[in-house]
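Examining the three-dimensional arrangement
One-letter residues, chain by chain:
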Amino acid sequence: MTLIESIIVGLSGASRVTSGEVSPSCILWTDAKGEWLPLIDLLRSRLPQLLCLGEYNPEKRTGPAIWLKCAIESCLPEFEIAAEQTPIVYLPKVNRQVLRAGTECPVELQPIVELQYRGVVWTQKSGRDWTVEAMLVSKESPGLGLDVAGDKNTKL
């Protein structure tokens, strides 16, 4: 399995629910360091439901928090997500703890704070964000279980 395939499997699994549960309105993918940014264009081509926080660019499915919320709610004529797909909201340079801060959250993110309660945050079982290193070394799905050196040169 490739890294891209592993990410897709993990994101797809995040929206699974058991019988009787309500499906999440979206999957929030926080990335405090922006480590996944170089892969977003490739992922965007494989995941039509992938939305990104950033400067308004509907062709790339990118926009500010209020645009993301409108896209998730199917309120935008220029953008539609298939009913069977759960929107994935990639939040580069946003720490999950910032969203949990509620009223202390930066005003530009406040429109999406409530999505963490109607949606699901894609994290490791430990509750930590998926980093590139974690995805490579984790033996738990969707991790790749690779043996990666832990020295400072490898982490650069």
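The structure this text deals with has already been given above.
Residues numbered from 1 in each chain as written. Predicted model: local features only at pLDDT ≥ 70, side-chain atom pairs only at ≥ 80, totals over all residues. Heavy atoms only, no water.

Looking now at the overall build of the protein chain. Looking only at helices and strands, one finds 7 helices and 5 strands in the protein chain. For the protein chain, the sequential pattern of α-helices and β-strands runs α-β-α-β-β-α-β-α-α-β-α-α. On C-alpha atoms alone, the protein chain measures out to a radius of gyration of 16 Å, which is about the 15 Å that the 2.2 N^0.38 rule sets for 156 residues. Going through the 156 residues of the protein chain one by one, you find that 42% of them count as buried. In the protein chain, the share of contacts with a sequence separation of at least 24, taken over all contacts with a separation of at least 6, comes to 56%. On the protein chain, roughly 8900 Å² of surface is accessible, and the fraction owed to carbon and sulfur atoms is 52%. (Helix = DSSP H or I, 4+ residues; strand = E, 2+ residues; numbered from the N terminus. Rg over C-alpha atoms; globule rule 2.2 N^0.38 Å. Buried < 20%, exposed > 50% of the residue type's maximum accessible area, 1.4 Å probe, protein only. Contact = heavy atoms within 4.5 Å. Areas by Shrake-Rupley, 256 points an atom, 1.4 Å probe, with all protein chains shown as cover.)

Applying the stated criterion across every chain yields a total of 6 salt bridges. As a salt-bridge pair, Glu 114 and Lys 69 come within 3.0 Å of each other at their nearest N and O atoms. Highlighted residues: Glu 114 in the loop between α4 (96–100) and α5 (115–118) and Lys 69 in helix α3 (residues 65–72), separated in sequence by 45 residues. Assessed through its relative accessible area of 27%, Glu 114 is described here as partly exposed. Taking the shortest distance from any N to any O, the salt bridge between Asp 129 and Arg 96 comes out at 3.8 Å. Residue Asp 129 is found in the loop between β5 (120–121) and α6 (132–137), and its partner Arg 96 is found in helix α4; the two are separated by 33 residues along the sequence. Assigned by exposure class, Asp 129 and Arg 96 land together as buried. One connected set of salt bridges, linked through shared partners, spans Lys 69, Glu 73, Glu 114 and Arg 118. (Salt bridge = Lys/Arg side-chain N within 4 Å of Asp/Glu carboxyl O.)

Whenever strands of a sheet pair, they do so through backbone hydrogen bonds, lying parallel or antiparallel. Read from one edge of the open sheet, 5 strands run β3-β2-β4-β1-β5, paired in parallel fashion. Edge positions in the sheet fall to β3 (62–63) and β5, since each has one partner strand and no second. Sheet analysis places strand β2 (residues 50–53) next to β3, joined by 2 bridges and oriented parallel. The residue bridging Cys 52 from the neighbouring strand is Thr 62, located in β3. Together, β1 (27–31), β4 (88–92) and β5 form the strand contacts of helix α1 (residues 3–14), whose direction differs from that of β1 by roughly 135 degrees. The strands touched by α3 are β2, β3 and β4; relative to β2, the strand with the most contacts, the crossing angle is about 160 degrees. (Pairing = 2+ DSSP bridges. Axes fitted to C-alpha atoms, helices over the stretch in contact; angles between N-to-C directions.)

Generally speaking, soluble globular proteins have nonpolar side chains that are buried together. Grouped together as the largest cluster of nonpolar side chains are 22 residues, with contacts concentrated most on Leu 28, Leu 51, Val 89, Leu 91 and Leu 99. Only β2, α3 and β4 provide two or more residues apiece to this core. Leu 51 has contacts with Arg 61, Trp 67, Leu 68, Ala 71, Ile 72, Phe 79, Ile 81, Pro 87, Ile 88, Val 89 and Tyr 90, leaving out every residue within four places of it along the chain. Counting residues in each nonpolar core, the second largest holds 19 residues, with Ile 4, Ile 8, Tyr 90 and Trp 122 among its members. (Core = buried A, V, L, I, M, F, W, Y, C linked by side-chain atoms within 4.5 Å.)

Per the stated rule, a full pass over the model turns up 0 disulfides. Among the cysteines around Cys 52, which has no disulfide bond, Cys 26 carries the closest sulfur, lying 13 Å off. Overall, Cys 52 belongs to the buried group, its relative accessible area being 3%. (Disulfide = S-S within 2.5 Å.)

The next thing to look at is the pairing of β1. Strand residues, when the strand is regular, have side chains that alternate between the two faces of the sheet. Across the 5 residues that make up β1, a large majority, 5, are buried. The alternating pattern of β1 places Ile 27, Trp 29 and Asp 31 on one face and Leu 28 and Thr 30 on the opposite face, and all of these are buried. Examined bridge by bridge, β1 and β4 share 5 bridges and lie parallel to one another. Along β4, the bridge assignment pairs Thr 30 with Leu 91. Relative to β5, β1 is paired through 2 bridges, and the arrangement is parallel. Bridge assignment links Ile 27 to a residue of β5, and that residue is Val 120.

Read these as layout, nothing more, since geometry by itself doesn't imply function.
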